[in-house]
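# Secondary and tertiary structure notes
What follows is the residue order along each chain.
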Amino acid sequence: MDRHIKANRDLWDEWTLMHEDSKEYDVEGFIKGKQTLDPIEVSELGSVKGKSLLHLQCHFGLDTMSWARLGADVTGVDFSEKAIDFARRLSNRTGIKAEFIHANIYDLPNMLDKRFDIVFTSEGVLVWLPDIVEWAKIISRFLKRGGKFYIREGHPFSKIFDDEIKTCEFKIRYPYFTPKHPFHFRGAETYTESTRKIEPMDWYEWNHSVSEIINSLIKAGLRIDFFNEYTYISSKVFPFLIRREDGNWTLPRDMGEMPLQFTLLATKV
Ligand SMILES: C[S@@+](CC[C@H](N)C(=O)[O-])C[C@H]1O[C@@H](n2cnc3c(N)ncnc32)[C@H](O)[C@@H]1O
């Protein structure tokens, strides 16, 4: 396994343990019946009742099982063994029927021989993937003809700016197009609050441009149905974002507008 992917997998095993009892993931709320999907996803993807759904990079499966609660027959995939273990335990505890596969998504074609009505993935997924052309081929490989691919993700344009800046301004820090070499990060914190303390760990991220994402999907045999951009997102991706009434984060009014997330629906032709 590539050393960058291995480092990221080790990191996600640790982050999973930190997320399990975080208030952001609110696992107890989920067990009691809370829906974790973003309302945009539910309204844009439409009814999933009776449909087979493959969730790529599912973490510990809260969104996967939320689709199951809406009637889908779900399969979640993640390369963190700890995340998949926890997802299976939650499925048993809640009685929600779901299959969880422990795999690097790039290895999935060697492990799963099935096609789905829907392939779904959301927020915080693309930066972990070195090869977006191969990613698109994998999506196409697992879709039935006429099947739908849906993604809600941080907007590539917003990902070029410094996300640790102390002042209220945008400063370009990262490349827009897929870099030859990943950016290296090192830290002992995740993006949720946690009581669990870890030693600093290394991780690696890749940015991907809008054209690379869209053209890879088209090349893999998908037709784009829509591409939407939003000026808000569910996580606080810059320190100066302000909270909207619906819980999403956006720019203060005097800073103008910025696309913070996008959604895309595509059909396998
Ligand atoms: C930010 S999380 C996705 C979050 C998800 N939207 C949620 O709210 O739970 C990213 C996930 O991608 C997984 N991941 C990263 N690289 C992967 C890869 N190559 N194959 C499979 N899973 C991967 C991580 O283990 C992590 O669970």
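Residues numbered from 1 in each chain as written. Predicted model: local features only at pLDDT ≥ 70, side-chain atom pairs only at ≥ 80, totals over all residues. Heavy atoms only, no water.

### A look at the overall build of the protein chain
Looking only at helices and strands, the protein chain has seven helices and twelve strands in total. Here the protein chain has a C-alpha radius of gyration of 18 Å; the compact-globule value for 269 residues is 18 Å, and the two agree. The principal-axis extents of the C-alpha atoms in the protein chain amount to approximately 50 × 40 × 40 Å. Within the protein chain, buried positions represent 52% of all 269 residues. In the protein chain, of all internal contacts separated by at least 6 residues, the share reaching a separation of at least 24 is 72%. The protein chain carries 37 positive and 41 negative side-chain charges, and their two centres are separated by 4 Å. (Helix = DSSP H or I, 4+ residues; strand = E, 2+ residues; numbered from the N terminus. Rg over C-alpha atoms; globule rule 2.2 N^0.38 Å. Buried < 20%, exposed > 50% of the residue type's maximum accessible area, 1.4 Å probe, protein only. Contact = heavy atoms within 4.5 Å. Lys, Arg positive; Asp, Glu negative; His and termini not counted. Charge placed at Lys NZ, Arg CZ, Asp CG, Glu CD.)

### Remarks on the environment of Lys-97
Residue position: Lys-97 is located in the loop between helix H5 (81-94) and strand S3 (98-102). What makes Lys-97 exposed here is its relative accessible area of 65%. If we ignore the near neighbours within four places in the chain, the residues touching Lys-97 are Ala-68, Asp-73 and Val-74.

### Some details on the side chain of Gln-57
Within the secondary structure layout, Gln-57 lies in the loop between strand S1 (52-56) and helix H4 (62-69). Accessibility expressed as a relative area gives 17% for Gln-57, which makes it buried. Not counting chain neighbours up to four residues away, the residues in contact with Gln-57 comprise Val-77, Asp-78, Ile-105, Thr-121, Val-125, Trp-128 and Leu-129.

### Details of the site of the ligand
In the region of the ligand, 16 residues are neighbours, and His-59, Asp-78, Asn-104, Ile-105 and Ser-122 sit closest. Within the side chain of His-59, one N or O atom sits 3.0 Å away from an oxygen atom of the ligand. Between the ligand and Phe-79 there is a distance of 3.1 Å, counted from a nitrogen atom to a backbone nitrogen or oxygen. In isolation the ligand exposes 610 Å². Once the protein is present, 93% of that is buried. In terms of residue class, the shell around the ligand is made up of eight nonpolar, six polar and two charged. (Near = heavy atom within 4 Å. Polar contact = N/O pair within 3.5 Å; in protein donor to acceptor, adjacent residues only side chain to side chain. Areas by Shrake-Rupley, 256 points an atom, 1.4 Å probe, with all protein chains shown as cover. Nonpolar A, V, L, I, M, F, W, Y, C, P; charged D, E, K, R; others polar.)

### Considerations on the packing of aromatic side chains
Tallied over the full model, the rule gives 24 aromatic pairs. Ring centres of Phe-60 and Phe-86 lie 5.0 Å apart, and the angle between their planes is 75°; this geometry places the pair in the edge-to-face category. Of this pair, Phe-60 sits in the loop between S1 and H4 while Phe-86 sits in helix H5, and the two are 26 residues apart along the sequence. Judged by its relative accessible area of 1%, Phe-60 falls in the buried class. Between Phe-183 and Phe-185, the aromatic rings sit 6.3 Å apart at their centres with planes inclined by 90°, giving edge-to-face as the arrangement. Grouping residues by exposure puts Phe-183 and Phe-185 together as buried. By way of ring pairs, the aromatic residues Trp-12, Trp-15, Tyr-25, Phe-60, Phe-86, Trp-128, Tyr-174, Phe-183, Phe-185, Tyr-191 and Trp-203 are connected into one cluster. The ring centre of Phe-142 lies 4.5 Å from the NZ or CZ of Arg-141, which sits over that ring. (Phe/Tyr/Trp six-rings, centres within 6.5 Å; stacked < 30°, edge-to-face > 60°. Lys NZ or Arg CZ within 6 Å of the ring centre and 35° of its normal.)

### Focus: unusual backbone geometry
If you check the backbone angles, Asp-26 has positive phi at about 45° while not being a glycine. Note on placement: Asp-26 falls in the loop between helix H1 (3-20) and helix H2 (27-31). Phi at His-59 is positive, roughly 55°, even though this residue is not glycine. Topologically, His-59 is positioned in the loop between S1 and H4.

### A few points about the sheet that holds strand S2 (residues 73-78)
Strands belonging to one sheet form pairs held by backbone hydrogen bonds; the direction of such a pair is parallel or antiparallel. If you walk across this open sheet you meet the seven strands as S3-S2-S1-S4-S5-S12-S8, and the pairing is mixed. The open sheet has two free edges, formed respectively by S3 and strand S8 (222-230), since each of these has just one partner strand. Looking at each pair of strands side by side, their axes are set apart by 15° on average, direction ignored. Bridging between S2 and S3 involves five bridges; their strand directions are parallel. Bridging across to S3, Val-77 finds its partner in Ile-101. On top of the sheet, H5 reaches S2 and S3; it is set at about 165° to S3, its chief contact. (Pairing = 2+ DSSP bridges. Axes fitted to C-alpha atoms, helices over the stretch in contact; angles between N-to-C directions.)

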